[in-house]
Amino acid sequence: MPSPEDPEHCNMAAAMAQSSSLFSCSSAGHSGINQLGGVYVNGRPLPDSTRQKIVELAHSGARPCDISRILQVSNGCVSKILGRYYETGSIKPRAIGGSKPRVATNGVVAKIAAFKRECPSIFAWEIRDRLLAEGVCTNDNIPSVSTF
């Protein structure tokens, strides 16, 4: 058995601590260990402390692949967090679930009804084109074809 001062003992202790934390998490959700040895929980965002470390390491000049190895987080996750940080200035994850804002407002519904009264055989894509052309909607808030 290696002594507590031995580096091999420290590595084994770290591995045991990491694996025991995995087992304690497993009852809370579907967790696992990624290919880099990091613990994750499926469907849950990375903790804010880890997100902050990613940004701090990037500011200090570390490359995303190095950050990935240091923090045991996937390269894609690091890139996504840094991209969002550079775009928005926030390290917070986007909301999970919830509903999207309603785009078929009363004004839009009334306009669609008017189009259908004018031409009952109008196609949904034609309705979308007219809503955009007449400035009733923008590309950001145009209803989907299934709305019609």
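This structure is a prediction, so every number in the text was calculated from the model and none was measured. (Residues numbered from 1 in each chain as written. Predicted model: local features only at pLDDT ≥ 70, side-chain atom pairs only at ≥ 80, totals over all residues. Heavy atoms only, no water.)

A. Spatial organisation of the side chain of Ser 68. Checked against the element boundaries, Ser 68 lands in helix 3 (residues 64-71). Among the residues examined, Ser 68 registers a relative accessible area of 5% and is labelled buried. In terms of polar contacts, Ser 68 uses its side chain to reach the backbone carbonyl oxygen of Val 73, at 2.6 Å. Excluding its chain neighbours within four sequence positions, the residues that come into contact with Ser 68 are Leu 36, Val 73, Ser 74, Asn 75 and Val 78. (Helix = DSSP H or I, 4+ residues; strand = E, 2+ residues; numbered from the N terminus. Buried < 20%, exposed > 50% of the residue type's maximum accessible area, 1.4 Å probe, protein only. Polar contact = N/O pair within 3.5 Å; in protein donor to acceptor, adjacent residues only side chain to side chain. Contact = heavy atoms within 4.5 Å.)

B. Quick look at the packing of helix 5 (residues 106-118) against helix 6 (residues 124-133). At a closest axis distance of 11 Å, the pairing of helix 5 and helix 6 adopts a crossing angle of 120 degrees. The angle between helix 5 and helix 6 falls in the class oblique. Seen along the crossing, helix 5 lies across helix 6 with a hand that is right-handed. Here helix 5 contributes Val 108, Lys 111, Ile 112, Phe 115, Lys 116 and Glu 118 to the contact with helix 6, which in turn contributes Ile 127, Arg 130 and Leu 131. (Axes fitted to C-alpha atoms, helices over the stretch in contact; angles between N-to-C directions. Parallel < 35°, antiparallel > 145°, perpendicular 65-115°, else oblique. Left-handed = near helix turned anticlockwise from the far one by under 90°.)

C. Inspection of the environment of Val 78 at higher detail. Tracing the chain through its elements places Val 78 in helix 4 (residues 75-88). Distance from Val 78 to Thr 50, taken between C-alpha atoms, is 10.0 Å for residues 28 residues apart in sequence.

D. Layout of the side chain of Arg 84. By the element assignment, Arg 84 lies in helix 4. Buried within the structure, Arg 84 lacks any salt-bridge partner; Glu 87 is the closest side chain of opposite charge, at an N-O distance of 7.0 Å. If sequence neighbours within four positions are ignored, Arg 84 has contacts with Arg 51, Gly 89, Ser 90, Lys 92, Pro 93 and Arg 94. (Lys, Arg positive; Asp, Glu negative; His and termini not counted. Salt bridge = Lys/Arg side-chain N within 4 Å of Asp/Glu carboxyl O.)

E. Summary view of unusual backbone geometry. A positive phi angle is found at Gln 72, which is not glycine, with a value near 55 degrees. Structurally, Gln 72 can be placed in the loop between helix 3 and helix 4. Taking relative accessible area as the criterion, Gln 72 reaches 28% and is therefore assigned partly exposed.

F. Examining the packing of helix 3 against helix 4 more closely. Direction vectors running N to C along helix 3 and helix 4 enclose 120 degrees, while the axes themselves pass 9 Å from each other. With respect to their mutual orientation, helix 3 and helix 4 come out oblique. For the pair helix 3 and helix 4, the sense of crossing is right-handed. Contacts between helix 3 and helix 4 pair Pro 64, Cys 65, Ile 67 and Ser 68 from the former with Asn 75, Val 78, Ser 79 and Leu 82 from the latter.

G. Structural context of the packing of aromatic side chains. Under the criterion given, the structure shown has 2 aromatic pairs. Ring geometry for Phe 123 and Trp 125: centres 6.3 Å apart, planes at 10 degrees, overall stacked. The residues Phe 123 and Trp 125 share a single accessibility class, namely exposed. (Phe/Tyr/Trp six-rings, centres within 6.5 Å; stacked < 30°, edge-to-face > 60°.)

H. Layout of the pattern of salt bridges. Scanning all chains against the criterion turns up 6 salt bridges. For Lys 111, the salt bridge identified is with Glu 134, shortest N-O distance 3.3 Å. With Lys 111 in helix 5 and Glu 134 in the segment after helix 6, the pair connects residues that are 23 residues apart, well separated along the chain. A relative accessible area of 31% means that Lys 111 is categorised as partly exposed. Classification of Glu 134 by relative accessible area gives partly exposed; the value is 42%. Of the charged contacts in the structure, one is a salt bridge between Glu 134 and Arg 130, with a shortest N-O distance of 3.6 Å. By relative accessible area, Arg 130 is classed as partly exposed at 27%. Salt bridges sharing common partners tie together Lys 111, Glu 118, Arg 130 and Glu 134.

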